[in-house]
Amino acid sequence: MAKVTRDDVARLAGVSTAVVSYVINNGPRPVASATRERVKSIIEELGYRPDSMAQAMARRRSNLIGMVLPDARQPFFAELAHAVEQVALEHGKLVLIGNSDYTDSREDHYVREFLGMRVDGLILISQIPSHRVAAEVAADDTTRVVLLHHRSDAADKVAVVTDDTGGARLAVRHLLDHGHPSVTCFGKPAGSLGAGDPVTGRVAGWAQAMAEAGLDTDGLLVDAPFNRTGTFGVAVELLRRADRPTAVFCATDDQAIGVLRAARELGLRVPQDLAVTAFDDIKQSAFADPPLTTVSSDRDAMARSAVSLALGLEPPTGAGSALRRFPAELVIRRSCGCGAPAES
């Protein structure tokens, strides 16, 4: 079958090809309601599909949002990307996703390619944007770049983040309120990540809560991977020790799920023998065994803000700041000791 063209639509609708274009692009000139409906009906009848690339070239806009994230296999990033996609769809945009795998070279590759495609906005989730990425972004003065989930040390970078420090303090103080003498933290040592990395803020929140309770943190910060598999191995070694902790705070839910599995393998009961809290509130945390007490961030609101900023629908600064920080909330389930079965 011959490809249906705009001329075919115009001929059957009894209008010019310009009017067909106005209907498809919703402008720039108005079209009478009856004419618009007739053109749309013919488009549907013929199965006409506009050439998106040609439209993008003509408008110098792609209707695309680029999104670079560390690893879409990790539940938190998958859920955050899904939230961004849902908001973008409301604005008639498609989202292109690239996985950096926590490497500068891949992050640089996707940033360069997305900017070359003239995406309408770029959303970047990165531990520490490399110098090459910073240079690519600085050289492009047409695409808005928004950092999501982390912030930059540079004050002028637009970022949408959670109150990581405040949320972690809530989770650790909750464990201390259960009477534990101390709380071990699964995270990363100070200085190993950028100051704007979420885990840096969460470890700081743990340390603040411990200091407020007059407790020492020496030897209680465990360097653990950000995935359940790697954390499982680290947790098994820690929980086998005679001086094992009675309570742990994990910087991510994925780490906590690894800790729960390690406790089960060693015959430890959660929360009776080991209380656990974490951060992220991924959907799986409610179905962990036991259900995980964790800190929730408003991913939908963060995604809405990031897309809005990337598309220029709201100014990048508010109250003199380029930072949008959303509050965190402690979601109490059973892993912390709340609602746990009574001791036999």
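Scroll up to find the structure.
Treat the numbers as computed from the prediction; the structure is a model and nothing was measured. (Residues numbered from 1 in each chain as written. Predicted model: local features only at pLDDT ≥ 70, side-chain atom pairs only at ≥ 80, totals over all residues. Heavy atoms only, no water.)

A look at the overall build of the protein
Counting its regular elements, the protein contains 12 helices and 12 strands. Sorting the 344 residues of the protein into buried and exposed places 48% on the buried side. Of the contacts formed within the protein by residues at least 6 apart in sequence, a portion of 71% connects residues at least 24 apart. For the protein, the accessible area works out to roughly 16900 Å², and carbon and sulfur atoms hold 51% of it. (Helix = DSSP H or I, 4+ residues; strand = E, 2+ residues; numbered from the N terminus. Buried < 20%, exposed > 50% of the residue type's maximum accessible area, 1.4 Å probe, protein only. Contact = heavy atoms within 4.5 Å. Areas by Shrake-Rupley, 256 points an atom, 1.4 Å probe, with all protein chains shown as cover.)

Structural notes on the packing of helix α8 (residues 164–177) against helix α9 (residues 198–212)
Two numbers describe how α8 lies on α9: the axes approach to 7 Å, and their chain directions differ by 40°. Between α8 and α9, the interaxial angle falls into the category oblique. Once α8 is placed against α9, the crossing between them reads as right-handed. Contacts between α8 and α9 involve D164, T165, A168, R169, V172, R173 and L176 from the first element and P198, G201, R202, A204, G205, W206, Q208, A209, M210 and E212 from the second. Among the residues forming the contact of α8 with α9, the class breakdown is 8 nonpolar, 4 polar and 5 charged. (Axes fitted to C-alpha atoms, helices over the stretch in contact; angles between N-to-C directions. Parallel < 35°, antiparallel > 145°, perpendicular 65-115°, else oblique. Left-handed = near helix turned anticlockwise from the far one by under 90°. Nonpolar A, V, L, I, M, F, W, Y, C, P; charged D, E, K, R; others polar.)

Structural notes on the side chain of T231
With respect to the helices and strands, T231 occurs in helix α10 (residues 228–239). Judged by relative accessible area, T231 falls into the buried class, the value being 0%. Separated by 2.9 Å, the side chain of T231 and the backbone oxygen of P225 make a polar contact. Looking at T231, its side chain comes within polar contact range of the main-chain oxygen of N227, at 3.0 Å. Non-local contacts of T231, meaning those with residues more than four positions away in its chain, are made with F186, A224, P225, Q255 and V259. (Polar contact = N/O pair within 3.5 Å; in protein donor to acceptor, adjacent residues only side chain to side chain.)

Quick look at the sheet that holds strand β8 (residues 247–250)
Spatially, 6 strands are ordered β7-β6-β8-β9-β10-β12 in an open sheet, and the strand pairing comes out mixed. Each edge of the open sheet is held by one strand with a lone partner, namely β7 (221–223) and β12 (328–331). Between one strand axis and the next, the sheet turns by 20° as a mean value, whatever way the strands run. As defined by bridge partners, strand β10 (residues 293–297) adjoins β12 across 4 bridges and the pair is classed as antiparallel. Along β12, the bridge assignment pairs V295 with L330. On top of the sheet, α10 reaches β6 (184–187) and β7; it is set at about 155° to β6, its chief contact. (Pairing = 2+ DSSP bridges.)

Focus: the packing of aromatic side chains
Taken as a whole and judged by the stated rule, the model has 2 aromatic pairs. Relative to F77, the ring of F76 lies with its centre 5.6 Å away and its plane at 70°, an arrangement referred to as edge-to-face. The pair formed by F76 and F77 is uniform in burial state, with each residue classed as buried. Relative to F114, the ring of Y110 lies with its centre 5.9 Å away and its plane at 35°, an arrangement referred to as tilted. Of this pair, Y110 and F114 both sit in helix α6 (residues 104–116), 4 residues apart, which is roughly one turn of the helix. The lysine or arginine in question, K188, covers the ring of F226, its NZ or CZ lying 5.6 Å from the ring centre. (Phe/Tyr/Trp six-rings, centres within 6.5 Å; stacked < 30°, edge-to-face > 60°. Lys NZ or Arg CZ within 6 Å of the ring centre and 35° of its normal.)

Geometric descriptors of this kind do not, in isolation, establish any biological role.
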